[in-house]
Amino acid sequence: MTSQIENIIKEYPPKPLGVTKQYAVLLPLIWQDNDWQVLYEIRSQHISQPGEVSFPGGRLEEGESYQEAAIRETIEELNIKDQQIKIWGEIDYIVQNKRSIHCFVGQLMVSDWREIKANEEVDNIFTVPLQSLMTDNPNYYDLPSTITKESNFPFDKIRNGDKYSFESQKQSIPFYENFDYLIWGMTAQFTDCFTRILKESTYFKFK
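Every value quoted in this text rests on a predicted model; they were computed, and no experiment measured them. (Residues numbered from 1 in each chain as written. Predicted model: local features only at pLDDT ≥ 70, side-chain atom pairs only at ≥ 80, totals over all residues. Heavy atoms only, no water.)

(A) Structural detail: the layout of surface pockets. In this model, the largest pocket occupies a volume close to 940 Å³. Together, 36 residues line the largest pocket, and Arg43, Gln49, Arg99, Ile101 and Met186 are the ones closest to its centre. Ranked by the residues each element gives to the lining of the largest pocket, the list is headed by helix 4 (residues 185-200), at five residues. Considered class by class, the residues forming the lining of the largest pocket number 16 nonpolar, 12 polar and eight charged. Lining of the second largest pocket is provided by 12 residues; of these, Leu29, Trp88, Val105, Phe194 and Leu198 occupy positions nearest its centre. (1 Å grid on protein atoms, 1.4 Å probe; cavity = no way out; pocket = protein on both sides within 12 Å on 5 of 7 lines; lining within 4 Å. Points joined across faces, edges and corners; volume = space filled by probe spheres on them. Helix = DSSP H or I, 4+ residues; strand = E, 2+ residues; numbered from the N terminus. Nonpolar A, V, L, I, M, F, W, Y, C, P; charged D, E, K, R; others polar.)

Here you go:
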């Protein structure tokens, strides 16, 4: 019996508790005009979060890995070929509201990003020089979450009741406010994560 339990646990793939939806995005880099550019999308008006800035990406399909989903969604949204995407690796991911979002960094092998013809899910695309993102840190704003007594949560069963110090009462959300388009939320969070990784590395020296 012990060996059966041991084998079950050895073979079990761990995953975040409570996560029911899985997404993946690509943070696309383009080498153009002797500089690295980060490419962003503006979402079409007929899909979720219309008009917001995002990275190419979407929900995982059955049997698909996070990286495969990021590549597939980028191919579909930007109308490019598989061989035009060179994945470099994955950075920190987000677990929030029963969903996990993984972010991969990679190079788009295109000579001019302005020649990309995105599909109907994308209103527009634009780039921001990586150097600008490295020097212009986002502003973080706290979004409080208020606990109400009208909730069906059993406050009477825990010590201090609705005065208990819950860790998830507020979120801190980043905004890049000095560019042509507002970059905020998870897209800004992944952008900030990426630039922080570069800044903290002893291997990276920006020109």
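(B) Just the packing of aromatic side chains, in detail. Going through the model one piece at a time under the given rule, you end up with eight aromatic pairs. Consider the rings of tryptophan 36 and tryptophan 88, whose centres lie 5.4 Å apart with planes at 90 degrees: the pair is edge-to-face. Of this pair, tryptophan 36 sits in strand 2 (residues 35-43) while tryptophan 88 sits in strand 5 (residues 85-90); the two residues are 52 residues apart in sequence, bridging distant segments of the chain. For the ring pair phenylalanine 175 and tryptophan 184, a centre distance of 5.3 Å and an interplane angle of 15 degrees mean the geometry is stacked. A residue is classified by how much of its surface remains accessible, and tryptophan 184, at 32% relative accessible area, is partly exposed. Of the aromatic side chains, those joined through ring pairs into one cluster are Tyr40, Phe55, Phe126 and Tyr181. (Phe/Tyr/Trp six-rings, centres within 6.5 Å; stacked < 30°, edge-to-face > 60°. Buried < 20%, exposed > 50% of the residue type's maximum accessible area, 1.4 Å probe, protein only.)

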